Amino acid sequence: MAKTCINIDVKEFEEYAEKLKKLSDKQMLEITKKCLYDLANRMLTRVKEQTPVKEGLLRNSWQIGLSVLKKGDEYFIEVVNNVEYAEYVENGHFQEVGRFVKALGKRLVNTYVPGRYMMRISAQDIQDEADKYVKKILEKEFERIFKW
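Residues numbered from 1 in each chain as written. Predicted model: local features only at pLDDT ≥ 70, side-chain atom pairs only at ≥ 80, totals over all residues. Heavy atoms only, no water.

### Side note on the overall build of the protein chain
Moving on, step 1. Scanning the protein chain for helices and strands turns up five helices and eight strands.
Moving on, step 2. Overall, the protein chain shows an N-to-C arrangement of helices and strands of α-α-α-β-β-β-β-α-β-β-β-β-α.
Moving on, step 3. Since a compact globule built from 148 residues should have a radius of gyration of about 15 Å, the 24 Å found for the protein chain marks it as more spread out than a globular shape.
Moving on, step 4. Taking all 148 residues of the protein chain together, the buried fraction comes to 26%. (Helix = DSSP H or I, 4+ residues; strand = E, 2+ residues; numbered from the N terminus. Rg over C-alpha atoms; globule rule 2.2 N^0.38 Å. Buried < 20%, exposed > 50% of the residue type's maximum accessible area, 1.4 Å probe, protein only.)

### Some details on the pattern of salt bridges
Moving on, step 1. Within the structure shown, the criterion is met by four salt bridges.
Moving on, step 2. R42 is paired through a salt bridge with D38; the nearest N and O atoms lie 2.9 Å apart. Here the residue R42 and the residue D38 both occupy positions in helix α2 (residues 25-50), the gap between them amounting to four residues, near one helical turn.
Moving on, step 3. Accessibility expressed as a relative area gives 23% for D38, which makes it partly exposed.
Moving on, step 4. R144 is the partner of E141 in a salt bridge, and the nearest nitrogen-oxygen pair spans 2.7 Å. Of this pair, E141 and R144 both sit in helix α5 (residues 118-146), three residues apart, roughly one helical turn.
Moving on, step 5. Among the charged side chains, a network of salt bridges with common partners joins R46, D125 and E129. (Salt bridge = Lys/Arg side-chain N within 4 Å of Asp/Glu carboxyl O.)

### Here's the deal with the packing of α2 against α5
Moving on, step 1. At their nearest, the axes of α2 and α5 sit 8 Å apart, and the two run at 145 degrees to each other. Judged by the sense of rotation from one axis to the other, the crossing of α2 with α5 is right-handed. (Axes fitted to C-alpha atoms, helices over the stretch in contact; angles between N-to-C directions. Left-handed = near helix turned anticlockwise from the far one by under 90°.)

### Overview of the nonpolar core
Side chains that are nonpolar tend, in soluble globular proteins, to be buried together.
Moving on, step 1. Among the nonpolar cores identified, the biggest contains 19 residues, and L58, W62, I77, V79 and M118 are the most heavily contacted of them.
Moving on, step 2. Breaking this core down by element, the ones donating at least two residues are α2, β1 (62-64), α4 (86-91) and α5.
Moving on, step 3. Of the residues forming this core, the biggest block, six residues, is contributed by α2.
Moving on, step 4. When near neighbours in sequence (up to four residues on either side) are disregarded, V79 contacts A40, M43, L44, V47, W62, Q63 and M119.
Moving on, step 5. Grouped together as the second largest cluster of nonpolar side chains are seven residues, C35, I137, F142 and I145 included. (Core = buried A, V, L, I, M, F, W, Y, C linked by side-chain atoms within 4.5 Å. Contact = heavy atoms within 4.5 Å.)

### Side note on the side chain of E90
Moving on, step 1. As for its placement among the helices and strands, E90 is situated in helix α4.
Moving on, step 2. R120 provides the closest opposite charge to the buried, salt-bridge-free E90, at an N-O distance of 4.5 Å.
Moving on, step 3. Here E90 is in contact with G115, R116, Y117, M118, M119 and R120, once residues within four sequence places are set aside. (Lys, Arg positive; Asp, Glu negative; His and termini not counted.)

### Points about α5
Moving on, step 1. Helix length check: α5 (29 residues) gives 39 Å between terminal C-alpha atoms against 42 Å at 1.5 Å per residue, within 8%.
Moving on, step 2. Along its length, α5 reaches its greatest deviation from straightness, about 55 degrees, at E129.
Moving on, step 3. Of the positions making up α5, those classed as buried are M118, S122, I126, A130, Y133, I137, E141, F142, I145 and F146.
Moving on, step 4. Buried residues along α5 sit in contact with α1 (11-21), α2, α3 (57-60), β1 and α4.
Moving on, step 5. Directly after α5, the chain includes K147, whose backbone phi takes a positive value near 55 degrees. (Expected span 1.5 Å × (residues − 1). Bend = angle between axes of the 7 residues up to and from the residue.)

Here it is in C-alpha cells:
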C-alpha cells in the first residue's frame, strides 16, 4: 500500500483569522450595510424590470428604504412602492365585470386579473444569488481594509 503525505502551511489561515478578529463592530456594521444596500439596489433594478408599464408611474415609484433595520441578529432594508394599486398588480385582484373604467376607456370583461408577482419573482432571484453577491462584496471590503 502506497502512502502520500501532504503538508499544509496554515500560517496564512491563522493570519487571516487574526485579522478578522480585529475588525471592530463598527466596521462589521458598515460591511453589513454595504451588503444590504447592494442587494437592495439589485432588487430595485430587477423589480423595475419586472413591473408592467402603461404610464410609468408604478415602475418609477419603486424605492429603497432610508434606513437599515435590525431585529435580533437579522438586518433588513425595504424595497417599497407606495402607489395605491401596486399591491393589486403584484397579487392580482377581482373586479366587477361590465363596470366602465374611465382611465382605461373601456368596460371590464374579466372577473379576475392575475398578479404579475414582480416583487415576489425579483426577491426570489436576489435571494438565490445573495451568497454570491455577499461573497464578492466581502472580498472587496476585506481587501480594502486589510490592504491585501
